[in-house]
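Given next are the chains, with one letter for each unit.
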Amino acid sequence: MIGQYCFALRSADGAPIPSIMAYRLYGWLLEQLPEDIGRQLHEQGEKPLSQYIRYDKAENRTLWVVSVFQGELYELLEPVLESISCIALRQTTLQAALLDKRCFASAQELVLYARELRLPSRVTIRFHTTSSFKQDGSYVIFPQERLLLRSLLAKWNVWFPEYSLDDEDAAAALERGVRITDYQLRSGRYTLKSARIPGFSGHLTLSSSLSAPMQEVWKLLLVFSTLCGIGIKTTLGMGGVTLEILPNSLLKEQENETPPAEPN
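Residues numbered from 1 in each chain as written. Predicted model: local features only at pLDDT ≥ 70, side-chain atom pairs only at ≥ 80, totals over all residues. Heavy atoms only, no water.

A. Highlighting the packing of aromatic side chains. Scanning the entire structure with this criterion turns up 10 aromatic pairs. With a centroid separation of 5.1 Å and an interplanar angle of 90°, the aromatic rings of tryptophan 156 and phenylalanine 224 are classed as edge-to-face. Of this pair, tryptophan 156 sits in helix 5 (residues 145-159) while phenylalanine 224 is found in helix 7 (residues 212-228), placing the two residues 68 residues apart along the sequence. Seen from their ring centres, phenylalanine 160 and phenylalanine 224 are 5.8 Å apart, and the 70° between their planes marks the pair as edge-to-face. Of this pair, phenylalanine 160 sits in the loop between helix 5 and helix 6 (168-177) while phenylalanine 224 sits in helix 7; the two residues are 64 residues apart in sequence, bridging distant segments of the chain. Neither phenylalanine 160 nor phenylalanine 224 differs from the other in exposure class; each is buried. A cation over an aromatic ring shows up here: lysine 134 above the ring of tyrosine 139, its NZ or CZ 4.7 Å from the ring centre. (Phe/Tyr/Trp six-rings, centres within 6.5 Å; stacked < 30°, edge-to-face > 60°. Helix = DSSP H or I, 4+ residues; strand = E, 2+ residues; numbered from the N terminus. Buried < 20%, exposed > 50% of the residue type's maximum accessible area, 1.4 Å probe, protein only. Lys NZ or Arg CZ within 6 Å of the ring centre and 35° of its normal.)

As structure tokens, this is what we get:
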């Protein structure tokens, strides 16, 4: 089972909640799991969970988007996510209201969903929270096509090996056929404890010129990006994205959205 939940969050004073609070919400989610499972999840590398906070200016509300793409973890978190109304954190308490959710019974259902999409050759991705990549031990703060595609392929292959996309020729074909054609980005830092990770946020437009089979893979990766995020530390609130071209309310871009300023 693959699920995505979207909540409206409200702080005690009604102020927008900065995206870096997602790190604390991740800790709260772990506390809702059996202790041994929470510890195992925290210690493992790639995690079947992504979550991030973004601000919806049109509705004047903070949204928390949580995606789970592994069956056993979904079974444990589903009753938690279905019943959230109050989240008690250290020094503050947040009110939460479930706005929407989307579920896929399996990776195959996700593949079929993506296959039915009519995708234009130009697609805009909105990076709601600071995103970054790691290459040769250094942070890369611009979304190069290769890094973006390799990030999505790696995440997919970890969690859905039965539909593996681990083919170097296919990856190379995607890199040749997908190009960044426009962008409006700004640099920033995402704070995790004492670390301030450099990255970027904003939006970019990609154009594709692919064969029919590769176009199917590209559509799947785009849909998957809205679940898993793009880049590093998506479990901790980084790399949360939406697309302009998808009809579902959880995946659709809010054009007039402006994130609140984050503390230095």
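Read on, since the account is not over.
B. Summary view of helix 7. Here helix 7 contains 17 residues, and its C-alpha end-to-end distance of 24 Å stays within 8% of the 24 Å for a straight helix at 1.5 Å per residue. In terms of burial, helix 7 is largely enclosed, as 14 of its 17 residues are buried. Of the residues one or two after helix 7, glycine 229 is the one with positive phi, at around 80°. (Expected span 1.5 Å × (residues − 1).)

C. Layout of the sheet that holds strand 10 (residues 195-208). Here we have four strands laid out as an open sheet, ordered 9-10-6-11, and antiparallel in their pairing. At either end of the open sheet lies a strand with only one pairing partner, and these are strand 9 (178-192) and strand 11 (241-243). The sheet shows a mean angle of 15° between the axes of neighbouring strands, direction not considered. Here strand 6 (residues 122-131) pairs with strand 11 via three bridges, running antiparallel. By the bridge assignment, phenylalanine 127 is partnered in strand 11 with valine 241. Packing against the sheet, helix 6 makes contact with strand 9 and strand 10, and its axis sits at approximately 100° to strand 9. Packing against the sheet, helix 7 makes contact with strand 6, strand 9, strand 10 and strand 11, and its axis sits at approximately 130° to strand 11. (Pairing = 2+ DSSP bridges. Axes fitted to C-alpha atoms, helices over the stretch in contact; angles between N-to-C directions. Contact = heavy atoms within 4.5 Å.)

D. Spatial organisation of the packing of helix 4 (residues 107-116) against helix 7. Viewed as axis vectors pointing N to C, helix 4 and helix 7 meet at an angle of 115°, and their least axial separation amounts to 8 Å. As for how helix 4 packs across helix 7, the hand of that crossing is right-handed. Judged by residue contacts, Leu110, Val111, Tyr113, Ala114 and Arg115 of helix 4 engage Glu216, Lys219, Leu220, Val223, Phe224 and Leu227 from helix 7. Per-class residue counts for the contact of helix 4 with helix 7 are eight nonpolar, no polar and three charged. (Left-handed = near helix turned anticlockwise from the far one by under 90°. Nonpolar A, V, L, I, M, F, W, Y, C, P; charged D, E, K, R; others polar.)

E. Summary view of the pairing of strand 5 (residues 92-104). Bridging between strand 1 (residues 2-10) and strand 5 involves nine bridges; their strand directions are antiparallel. When the bridges of strand 5 are listed, cysteine 6 appears paired with aspartate 100. Taking the residues that link successive antiparallel strands as the turn, the strand 4 (residues 86-89)-strand 5 hairpin has two residues, and the phi of glutamine 91 there is positive, at about 75°.

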